[in-house]
Amino acid sequence: GMQGGVDNDGTSRLYRYDVLWADPVEKANPSGDVDLNFKFKHAFAVLEFKLSTTGSETINVTKISVTGSDLFASVVKVNLTNGELTVNNVISPQTSNMNFNKQPVLTPGGKPYSCYMTILPGHAGKKLTITITDKNNKPYTFEKTPSKDIAAGQRAVLPLDVKAIVEPEPEPSAVGVAST
């Protein structure tokens, strides 16, 4: 799952896209005299896409697409007797799209806009392709390869400077120039 935000941490609602579980407890005191304290674990890691622009144009973001391998699983199971997590039906490559009803506006030198996505842990050395699309349907594509694994319950920040790539001016042609 994905979500975004500007002024706050923005991850508070990512629980909808995560699986939390605790180690099993052998037995509870039936009299209720002892409190049970569970230490919950996360099944997924979090990617933060921190969007900004140092370009000269304001960019209205309409969509973010992320493509990579082993990002998601369609089946996640927790064995309640031993606390073991099993992930099945991982499909690669996978693409996740985030469309914005209220478009984030990136202004030159303005506050960054963060989008968050829960993914399976890991990904060291695996390429992620991130495409930001603006209101004119213009794509800005980035390729990022995490150098180390992203652990379950941890967040990795990917800063993305979304700006138009300025093509160099072509050299003047010598065709039609008279020589004396």
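Residues numbered from 1 in each chain as written. Predicted model: local features only at pLDDT ≥ 70, side-chain atom pairs only at ≥ 80, totals over all residues. Heavy atoms only, no water.

Student: Can you tell me about the pattern of salt bridges, naming the residues and giving the values?
Tutor: In this structure the tally under the stated criterion is 5 salt bridges. Residues Glu48 and Arg155 are paired through a salt bridge, measuring 3.5 Å at the closest nitrogen-oxygen approach. One end of the pair, Glu48, is in strand β4 (residues 45–52); the other, Arg155, is in strand β13 (residues 155–161), with 107 residues separating them in the sequence. Under the relative-accessibility criterion, Arg155 is labelled partly exposed at 41%. Between Lys163 and Asp161 there is a salt bridge whose closest N-O contact spans 3.6 Å. The class for Lys163 is partly exposed, based on a relative accessible area of 37%. Look at the salt bridges and you will find they share partners, linking Glu48, Lys50 and Arg155 into a network. (Salt bridge = Lys/Arg side-chain N within 4 Å of Asp/Glu carboxyl O. Helix = DSSP H or I, 4+ residues; strand = E, 2+ residues; numbered from the N terminus. Buried < 20%, exposed > 50% of the residue type's maximum accessible area, 1.4 Å probe, protein only.)

Student: I'd love a proper account of the environment of Leu120, names of residues and values included.
Tutor: Following the sequence through the fold, Leu120 ends up in the loop between β10 (113–119) and β11 (128–134). Separated by 47 residues in the primary sequence, Leu120 and Ala73 place their C-alpha atoms 7.5 Å from one another. When neighbours within four sequence positions are excluded, Leu120 is seen to be in contact with Phe44, Asp70, Leu71, Phe72, Ala73, Val87 and Val90. (Contact = heavy atoms within 4.5 Å.)

Student: Requested: an account of the confidence of the model for the chain, with residues and values cited.
Tutor: Put simply, the chain has an average pLDDT of 78, and 75% of its residues get 70 or more. Across the chain, element-level confidence peaks in β11 with a mean pLDDT of 93 and bottoms out in strand β1 (residues 2–5) with 44. Per-residue pLDDT stays below 50 along residues 1–9; that stretch engages in 37 contacts with residues further than four places along the chain or on separate chains. Across residues 173–180, where pLDDT falls below 50, the model places 0 contacts with residues more than four positions away in sequence or in other chains. (pLDDT = per-residue confidence, 0-100.)

Student: How would you summarise the nonpolar core if you had to cite specific residues and measurements?
Tutor: Residues Leu47, Phe49, Leu51, Ile64, Ile130 and Ile132 are the most contacted members of the largest nonpolar core, which totals 27 residues. Of all elements in the fold, only β4, β5 (59–68), β10, β11, β12 (139–144) and β13 reach the threshold of two or more residues within this core. The contacts of Leu51, once residues within four sequence positions are left out, are Val61, Ile64, Leu106, Pro112, Tyr113, Cys115, Ile132, Leu160 and Val162. (Core = buried A, V, L, I, M, F, W, Y, C linked by side-chain atoms within 4.5 Å.)

Student: Requested: an account of the environment of Phe40, with residues and values cited.
Tutor: With respect to the helices and strands, Phe40 occurs in strand β3 (residues 40–42). For Phe40, a relative accessible area of 52% gives the class exposed. Each C-alpha atom of the pair Phe40 and Asp23 lies 7.5 Å from the other, and the pair is 17 residues apart in sequence.

Student: Give me the pairing of β12: which residues, what numbers.
Tutor: Note that β11 and β12 share 6 bridges and pair antiparallel. Its bridge partner lying in β12, Thr131 is registered against Thr141. Between the antiparallel neighbours β11 and β12 lie 4 residues, among them Asn137 with a positive phi of about 65 degrees. (Pairing = 2+ DSSP bridges.)

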